[in-house]
Amino acid sequence: MSTVLTFLAPPPGFAPDVDFRLDDIDGASGLYAMSSTGTVAAHRLFVLDAAVYLPQYHPEITDEQRRQLKLETPEDAVVLVVANPTLDGTTVNLLAPIVVNVSTGSCAQVILEDQDWPVRAPLEPVAA
């Protein structure tokens, strides 16, 4: 399945792209390839559904961030984290998640101010 996402502002390092496609990775529920749909350059990264892979992760989104994304209830949002696979293992950015309004497809990579989340947290295996 593929979902279209539109960022409120280009994510860091991806300007001027704001339109992306989120594609499921076969056999890995909650793991997605996020690719720009712009014509300038092809950008792609991997993101994880935090609810699936990081059940203890509960970032606090500010009222202003909720307003910008038009989030009425917590159920309106999906939190994705950027995954960085390396030879030493995979890390995830917990300080700057991508928050998606599931109704509209609008999203933003938000900075979690005054929260002690790491930029490169080791991803632990998920229990089956």
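Not measured: the values here are computed from a predicted model. (Residues numbered from 1 in each chain as written. Predicted model: local features only at pLDDT ≥ 70, side-chain atom pairs only at ≥ 80, totals over all residues. Heavy atoms only, no water.)

1. Considering the nonpolar core
Counting residues in each nonpolar core, the largest one holds 20 residues, and the members touching the most others are Leu-48, Leu-54, Tyr-57, Val-81, Val-92 and Leu-94. Among the secondary structure elements, those contributing two or more residues to this core are α1 (50-53) and β5 (77-86). With three residues, β5 is the largest single contributor of residues to this core. Those residues in contact with Tyr-57 that lie beyond four places of it in its chain are Ala-50, Val-79, Val-81, Leu-94, Pro-97, Leu-112 and Trp-117. With 13 residues, the next largest nonpolar core counts Phe-7, Tyr-32, Met-34 and Val-47 among its residues. (Core = buried A, V, L, I, M, F, W, Y, C linked by side-chain atoms within 4.5 Å. Buried < 20%, exposed > 50% of the residue type's maximum accessible area, 1.4 Å probe, protein only. Helix = DSSP H or I, 4+ residues; strand = E, 2+ residues; numbered from the N terminus. Contact = heavy atoms within 4.5 Å.)

2. Remarks on the environment of Pro-74
Mapped onto the fold, Pro-74 is located in the loop between α2 (63-69) and β5. Expressed as a C-alpha distance, the spacing of Pro-74 and Val-52, which sit 22 residues apart in the sequence, is 16 Å.

3. A short note on the pairing of strand β1 (residues 2-7)
Looking at chain direction, β1 and strand β2 (residues 19-24) are connected through five bridges and run antiparallel. Looking at β2, one finds that Ser-2 is bridged to Asp-23. Looking at chain direction, β1 and strand β8 (residues 106-109) are connected through two bridges and run parallel. What sits directly across from Thr-6, in β8, is Ser-106. (Pairing = 2+ DSSP bridges.)

4. Points about the confidence of the model for the chain
In this model, the chain carries an average pLDDT of 91, and 94% of its residues clear a pLDDT of 70 or more. In the model of the chain, β1 stands out as the element of lowest mean pLDDT, 92, in contrast to strand β7 (residues 98-101), which has the highest, 98. (pLDDT = per-residue confidence, 0-100.)

5. Looking at unusual backbone geometry
Note the cis peptide between Ala-15 and Pro-16, where omega equals 10°. Examined against the element boundaries, Pro-16 turns out to sit in the loop between β1 and β2. For Lys-70, which is not a glycine, the phi torsion comes out positive at approximately 60°. Along the polypeptide, Lys-70 turns up in the loop between α2 and β5. The phi dihedral of Asp-114 falls on the positive side, at around 55°, and the residue is not glycine. Position of Asp-114 relative to the elements: it lies in the loop between β8 and β9 (121-122).

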